[in-house]
Amino acid sequence: MSQDYVEFDGGIMEGGGQILRVCTSLSCIFGASIKVKNIRAGRSTPGLRPQHLSGLEMVRDLCQGHLDGAEIGSTEMAFTPGKIKGGNHVADTRTAGSVCLLMQVSVPCVLFASSPSVLILKGGTNAEMAPQIDYTLMVFQPIVERFGVKLDCDVKMRGYYPKGGGEVVVKVSPVKQLSPINLMDKGSITKIYGRAFVAGVLPFKMAKEMAGAAERRIRKDFSGVHINIQVLQEPRDQAFGNGNGIIVVAETSTGCIFAGSSLGKRGVTADKVGTDAAEMLLRNLKHGGCVDEYLQDQLIIFMALANGVSKVRTGPVTLHTETAIHFAQQITKAKFNISKSEDQGCSEENFIIECQGVGMTNPYL
């Protein structure tokens, strides 16, 4: 275990918590000690928030590593990883901090553990500025499983802003190596479905209004496709606090999955929440890419670790994706290349992200 730290500037490019998640995860997998300075310098409240700190502490614990300088508000931290072990690992943000972001930092690590892991993640399941748990289950999970990842995700309790209180249990099997993926052919839209929910004291008719507005907007562009948006009141024993939101998902003939989602907030009508989710989905169906703008950056770490060449066709490359590539290349030495697609059949620009993965091997299997 080397004490020579590799230093990273957490204030460049996207300048948020994602830099911390990518660097910490890969540091753990590669056994490389890191220092990150200017943490979240690009945010209105710089430094570590409870969600980032609980993620760091979880990674430290699952590899018996060592953290220095990690506390709420810190703008610098140092991390020295140890051996990644399976078993039960708990992270609790004690806020509405996103459980999905806790998954982003921890799941890649435990793929390279010595035995299966159970991640018990507590916080917000449907939170702003992060994927909703429904997105993680309906879009991220089926696509990431193509790398050879085996995940089992059980939502025990949903939690919303501002209290959190949600709990998700994720079971992860270790892998020997990850397989590369090829997402190049979008195919045609075969079905559109979704989930509109209310929880707590909010009236059920809001869920119906969100679903109705989303369906009306989608029908304008896709009149011939079957649309099935489930409308539900979350059971009281499975949701903590009040919340409402919607996710709409489109699947294609080649197995591509896209989504749009939106959460209710004070002063925003249910109609607008539904329409916003539909607009987000439709925007991501226009560019001819095979992944939506929110899945793009979440795949980078897996592409870097995979054994072989992965190719993904995307819409415009997001700053989050460019940031993930920048840091993943530095730590893993994987080679990424972004090229403009010559696909003439599409009205909007799309790009191909290609990665020669490093073929990371689990030393314990």
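Worth saying up front: this structure is predicted, and the values here are computed from it rather than measured.

What counts and how
- Residues numbered from 1 in each chain as written.
- Predicted model: local features only at pLDDT ≥ 70, side-chain atom pairs only at ≥ 80, totals over all residues.
- Heavy atoms only, no water.
- Pairing = 2+ DSSP bridges.
- Helix = DSSP H or I, 4+ residues; strand = E, 2+ residues; numbered from the N terminus.
- Buried < 20%, exposed > 50% of the residue type's maximum accessible area, 1.4 Å probe, protein only.
- Phe/Tyr/Trp six-rings, centres within 6.5 Å; stacked < 30°, edge-to-face > 60°.
- Lys NZ or Arg CZ within 6 Å of the ring centre and 35° of its normal.
- Expected span 1.5 Å × (residues − 1).
- Contact = heavy atoms within 4.5 Å.
- Salt bridge = Lys/Arg side-chain N within 4 Å of Asp/Glu carboxyl O.
- Axes fitted to C-alpha atoms, helices over the stretch in contact; angles between N-to-C directions.
- Core = buried A, V, L, I, M, F, W, Y, C linked by side-chain atoms within 4.5 Å.

1. With respect to the pairing of strand 7 (residues 150-159)
Then step 1. Of the pairings in the sheet, the one linking strand 7 to strand 8 (residues 166-173) comprises seven bridges and is antiparallel in character. Residue pairing for strand 8: Asp154 is matched across the bridge by Val169.
Then step 2. Between the end of strand 7 and the start of strand 8, which pair antiparallel, lie six residues, with Gly164 showing a positive phi angle near 70 degrees.
Then step 3. Inspection of the sheet shows strand 7 paired to strand 12 (residues 239-240) by two bridges, in the parallel sense. Bridge assignment links Gly159 to a residue of strand 12, and that residue is Phe240.

2. Topic: unusual backbone geometry
Then step 1. Following Tyr161, the chain continues into Pro162 via a peptide bond in cis, with omega recorded as 5 degrees.
Then step 2. Its location among the elements puts Pro162 in the loop between strand 7 and strand 8.
Then step 3. For Arg40, which is not glycine, the phi torsion reads 55 degrees and is therefore positive.
Then step 4. Among the secondary structure elements, Arg40 is positioned in the loop between strand 2 (34-37) and helix 2 (50-62).
Then step 5. Exposure remark for Arg40: the relative accessible area of 9% places this residue in the buried category.
Then step 6. Phi is positive for Gln64, close to 50 degrees, though the residue is something other than glycine.
Then step 7. One can find Gln64 in the loop between helix 2 and strand 3 (66-68).

3. With respect to the packing of aromatic side chains
Then step 1. Here the structure, examined in full by the defined rule, presents four aromatic pairs.
Then step 2. A ring pair is formed by Phe8 and Phe327, whose centres lie 5.9 Å apart and whose planes are at 65 degrees; its orientation type is edge-to-face. Remark: Phe327 occurs in helix 8 (residues 319-332) and Phe8 occurs in strand 1 (residues 6-9); sequence separation between them is 319 residues.
Then step 3. Phe8 sits in the buried class, given a relative accessible area of 4%.
Then step 4. Cluster of aromatic residues (ring-pair linked, three or more members): Phe140, Phe147 and Phe302.
Then step 5. When the ring centre of Phe258 is taken as reference, the NZ or CZ atom of Lys186 above it lies at 5.6 Å.

4. Quick word on helix 5 (residues 204-221)
Then step 1. Its 18 residues place the ends of helix 5 27 Å apart at the C-alpha level, agreeing with the 26 Å of an ideal helix rising 1.5 Å per residue.
Then step 2. On its buried side, helix 5 packs onto strand 10 (189-199), strand 11 (227-233), strand 13 (243-252) and helix 6 (270-286).

5. Points about the pattern of salt bridges
Then step 1. On inspection of all chains with the given rule, the structure shows 16 salt bridges.
Then step 2. The salt bridge partner of Lys265 is Glu128, with a shortest N-O separation of 3.2 Å. Residue Lys265 is located in the loop between strand 14 (257-263) and helix 6, and its partner Glu128 is located in the loop between strand 6 (117-123) and helix 4 (133-144); the two are separated by 137 residues in the primary sequence.
Then step 3. A residue is classified by how much of its surface remains accessible, and Lys265, at 51% relative accessible area, is exposed.
Then step 4. Taking the shortest distance from any N to any O, the salt bridge between Asp134 and Arg195 comes out at 3.7 Å. Placement of Asp134 in helix 4 and of Arg195 in strand 10 is noted, with a sequence separation of 61 residues between them.
Then step 5. For Asp134, a relative accessible area of 4% gives the class buried.
Then step 6. For Arg195, a relative accessible area of 12% puts it in the buried group.

6. Things to note about the pairing of strand 13
Then step 1. Extensive coverage of strand 13 is indicated by the burial of nine of its ten residues.
Then step 2. Inspection of the sheet shows strand 10 paired to strand 13 by ten bridges, in the antiparallel sense. Paired with Lys191 across the two strands is Glu251, which belongs to strand 13.
Then step 3. The pairing of strand 13 with strand 14 spans seven bridges and is classified as antiparallel.

7. Overview of the sheet that holds strand 2
Then step 1. Sheet architecture is open: four strands sit in the order 1-2-4-3, paired in mixed fashion. Strands at the two margins of the open sheet, each flanked by one partner only, are strand 1 and strand 3. When strand polarity is set aside, the average angle formed by the axes of neighbouring strands in this sheet is 15 degrees.
Then step 2. The pairing of strand 2 with strand 4 (residues 77-80) spans three bridges and is classified as antiparallel.

8. Observations concerning the nonpolar core
Most often, soluble globular proteins keep nonpolar side chains buried together rather than apart.
Then step 1. One finds Phe147, Leu178 and Phe336 to be the most contacted residues of the largest nonpolar core, which totals 104 residues.
Then step 2. For this core, the element with the most residues is helix 3 (residues 99-110), which contributes eight residues.
Then step 3. Judged by nonpolar contacts, the second largest core, of five residues, contains Tyr160, Ala199, Ala239 and Leu263.

9. Quick look at the side chain of Ser54
Then step 1. Considering the arrangement of structural elements, one finds Ser54 in helix 2.
Then step 2. The contact partners of Ser54, leaving out residues within four places of it in the chain, are Ala91, Asp92, Thr93 and Leu102.

10. As for the environment of Val90
Then step 1. Locating Val90 in the fold gives a position in strand 5 (residues 87-92).
Then step 2. Each C-alpha atom, one on Val90 and one on His226, is 40 Å from the other, the two residues being 136 residues apart in sequence.
Then step 3. Look past the residues within four positions of Val90 in its chain and what remains in contact with it is Met58 and Ile120.

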